Amino acid sequence: MKVLNYLLLTVAAIVVAFPLLLALAYSLMSESEIATFPPPIFPQAPNLDNYGRVFETIPIGRYLLNSFVVSTAVVVGQLITASLAAYAFSFLTFRWRDALFFLFLSTLMIPWEATIIPNYLTIRSIGWLDSYQGLAVPFMATAFGTFLLRQAFLQIPRELWDAARIDGASTFRFLVSTVIPLARPALGTVAIYGFLSTYNQYFWPLLITNQTLMRTTQVGIAQLRFEETLRWGLVMAGVIMVAVPTLALLVLGQRQLIRGLTAGAVKG
Amino acid sequence: MGWTRRDARSFGVGAGYLAPSLFLFTVFVFVPLGRTIYLSLFNTRSTGEPTSFAGVDNYTELLASENFRTGLVATGLFTLYTVPVGIALGLVLAVLLNQRLRGINVFRTMMASTIAISAAVGSLIWLLLLNPSLGLFDYLLSRIGIQGPDWLLQPSTAIIAVSMTTIWLTLGTNIIVLLSGLQGVPEEIYEAARLDGARGIRMFTRITVPMVSPSLFFLLVVDTIAVLQAFTQIHILTRGGPVDSTRVLVYGVYLDAFVNFQFGYASAQAVVLFLLVLALTIIQFRFVERRVHYQ
């Protein structure tokens, strides 16, 4: 029975991961080997030539740099705006607080694609096409992240808040010195989620970048598809190079990522 | 409900903390949504400025247009092919992964791996898989005696190809959500069912499915909305073709706004997209939730 379970699991895992494994195999094959029939699965003479060719064909280093700069900026921005907002929604009491929270949540029902035309016109009119600001700033607020952090902040005992008040700590000081350190796991979830969804974006960077050097990884490698002669080994090497950072993030931050998904995330 | 000075003060403090988010939401979500609706009522210049008030002209033109109708059909087929199959597959794999076995985490990570894969990367890989001469997909089909089609060049199969790619891309998320749903089911319930003689398929349909129905319902909403927003797969695999068979609503917005520069007309389609997402959310919450088992 146990053996059968392992067998089933192995087969299922290989089938699910098959496209990815195949991309890896093809990235190690020469173009002539890829063209043989029947289609090969294991490389006869595995080599890294395709990876070298990616560097010669497209500025992949620059694309990776762009993606990292933009994704990191979005993460930092989201952590700041969402912490501040979640703090107001959990520890502070003021009029219209619940109505404002509802307003935050209502942004989750508005698909980004429904606002993409005016957003493009805005970014163009302030001269942010082909810029890091244009790629990052529109995504620096997050209702989902605020919601997640609020849940975490509500777990923090109120006694700590009362004690801090008696000690004369300011409202802002309590956030920085007590709330933020205690909510590190939730902040990790927001950070990983924000990084992944920004790094994997395609539509927005495609729209607002025209210069080759401002492209992000996703738009950059997809360009290989539209070249005159499709070199599959080259494309798959590019695919692996672009996917490795996110796969590493999945392995390292799996727990945080799962917490985010099961809390009600949407793949963008 | 007058405001005392203290009310005003505490409101000022609260608003201060909310200000950065509120500012960004206003500039990049609320105002743009209003502007999309506004633009949809105007004729526009190719640079995007509104020229003359058009009333509902853009909408009547839309309803009369062949493109829009094929777009709706494509969107419907895409959703129908993708969401139910994706959830069913996710459930089967999640049940398989919901076992206490040594090394189970390795299998979980492998099957969840598509969470980290971007739509662009996934689409490029499937472009190769589905290639009629180089791809493995048609070769494997030919081994079991099926003549594989030229997936991306025939209208009837192009939408299936896009759907298969999308199912694979969302599989990781579906598995993780359903697995965590399964892990929330108390062992005693399975024990009790087993004592009553439930086994195999019966256990699955009578116990497992009802117990994870909140997760299934959640995925139904989330996956449908994600499919309505899917752009990358279409852009990389088919560019809306052949003969508009994969020109889903989002892709219509893109083509009319950023290729044909008819911003008003495209905005009308964006409004339809928004209303569709809104309506689906409401309908699914009102009608499906009643049949869902919550503990």
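Note that the structure is predicted; figures quoted are calculated from it, not measured.

## What about the overall build of chain A?
And then number 1: The helix and strand inventory of chain A stands at 15 helices and zero strands.
And then number 2: In terms of overall dimensions, chain A has a C-alpha envelope of 75 × 65 × 30 Å along the principal axes.
And then number 3: Within the span of chain A, comprising 268 residues, buried residues form 45% of the whole.
And then number 4: At a minimum sequence separation of 6, the contacts of chain A that also span at least 24 residues come to 78%.

## A short note on the pairing of strand E2 (residues 50-53) of chain B
Residues and elements named next belong to chain B.
And then number 1: With three bridges connecting them, strand E1 (residues 42-44) and E2 associate as antiparallel partners. Looking at the pairing, Asn43 lines up with Ser52 of E2.
And then number 2: From the end of E1 to the start of E2, which pair antiparallel, there are five residues, and Gly48 there has a positive phi angle of about 110°.

## Focus on helix H1 (residues 5-39) of chain B
Residues and elements named next belong to chain B.
And then number 1: With 35 residues, H1 extends only 42 Å from end C-alpha to end C-alpha; this falls clearly short of the ideal 51 Å at 1.5 Å per step.
And then number 2: Residue Ala19 marks the point of greatest curvature in H1, where the axis turns by about 55°; the proline Pro20 follows within four residues.
And then number 3: Within the span of H1, buried status applies to Gly14, Tyr17, Leu18, Ser21, Leu24, Phe25, Phe28, Val29, Pro32, Thr36 and Leu39.

## Notes on the interface of chain B and chain A
And then number 1: Taken together, the 73 residues of chain B in the interface contact 72 residues of chain A.
And then number 2: Looking at the side of chain B that touches chain A, the element that brings in the most residues is H1(B), giving 18 residues.
And then number 3: Class assignment of the residues belonging to the side of chain B that touches chain A gives a composition of 54 nonpolar, 17 polar and two charged.

## Regarding the domain arrangement of chain A
Residue and element names in this part refer to chain A.
And then number 1: What the domain assignment reports for chain A is domain 1 (1-47) and domain 2 (58-262).
And then number 2: Between the C-alpha centres of domain 1 and domain 2 there is a distance of 34 Å.
And then number 3: At the junction of the two partners, domain 1 supplies eight residues and domain 2 supplies seven residues.
And then number 4: Going through the elements one at a time, helix H1 (2-27) and helix H2 (31-34) are the ones with two or more residues in the side of domain 1 that touches domain 2.
And then number 5: Among the elements that make up the side of domain 1 that touches domain 2, the one with the highest residue count is H1 (four residues).
And then number 6: A breakdown of the residues in the side of domain 1 that touches domain 2 according to their chemical character gives five nonpolar, two polar and one charged.

## Details of the domain arrangement of chain B
Residues and elements named next belong to chain B.
And then number 1: Domain annotation of chain B identifies domain 1 (5-57) and domain 2 (65-291).
And then number 2: On a C-alpha basis, the centres of domain 1 and domain 2 stand 32 Å from each other.
And then number 3: Facing the 11 residues of domain 1 at the interface are eight residues of domain 2.
And then number 4: Listing elements by their share of the side of domain 1 that touches domain 2, those giving two or more residues are H1 and E1.

## Points about the nonpolar core
And then number 1: Of all hydrophobic cores here, the largest spans 157 residues; its most connected members are A:Val239, B:Leu124, B:Ile175 and B:Leu273.
And then number 2: Looking at this core, the element that brings in the most residues is helix H7 (residues 155-183) of chain B, giving 14 residues.
And then number 3: Excluding residues that lie within four positions of it along the chain, A:Val239 makes contacts with A:Ala23, A:Ile221, B:Val121, B:Leu124 and B:Ile125.

## Overview of the packing of helix H4 (residues 60-90) of chain A against H1(B)
And then number 1: For the pair H4(A) and H1(B), the least separation of the axes is 8 Å and the interaxial angle reads 140°. By the angle class used here, H4(A) and H1(B) are oblique. Taken as a pair, H4(A) and H1(B) cross one another with a handedness that is left-handed. Residues A:Ile80, A:Thr81, A:Leu84, A:Ala85, A:Tyr87 and A:Ala88 of H4(A) touch H1(B), and the partners they reach there are B:Gly14, B:Tyr17, B:Leu18, B:Pro20, B:Ser21 and B:Leu24.

## Let's talk about unusual backbone geometry
And then number 1: Cis geometry marks the peptide bond from A:Phe37 to A:Pro38, where omega comes out at -5°.
And then number 2: Looking at the element boundaries, A:Pro38 is found in the loop between H2 and helix H3 (49-57).
And then number 3: One non-glycine residue with positive phi stands out, namely A:Asp130, at about 55°.
And then number 4: Of note, the phi angle at B:Val243 is positive, near 35°, even though the residue is not glycine.

Analysis parameters
- Residues numbered from 1 in each chain as written.
- Chains lettered and ligands numbered in written order.
- Predicted model: local features only at pLDDT ≥ 70, side-chain atom pairs only at ≥ 80, totals over all residues.
- Helix = DSSP H or I, 4+ residues; strand = E, 2+ residues; numbered from the N terminus.
- Buried ≥ 20, exposed ≤ 12 C-beta atoms within 10 Å, placed from the backbone.
- Contact = placed C-beta atoms within 7 Å.
- Pairing = 2+ DSSP bridges.
- Expected span 1.5 Å × (residues − 1).
- Bend = angle between axes of the 7 residues up to and from the residue.
- Nonpolar A, V, L, I, M, F, W, Y, C, P; charged D, E, K, R; others polar.
- Domains from an automatic or database assignment.
- Core = buried A, V, L, I, M, F, W, Y, C linked by C-beta atoms within 7 Å.
- Axes fitted to C-alpha atoms, helices over the stretch in contact; angles between N-to-C directions.
- Parallel < 35°, antiparallel > 145°, perpendicular 65-115°, else oblique.
- Left-handed = near helix turned anticlockwise from the far one by under 90°.

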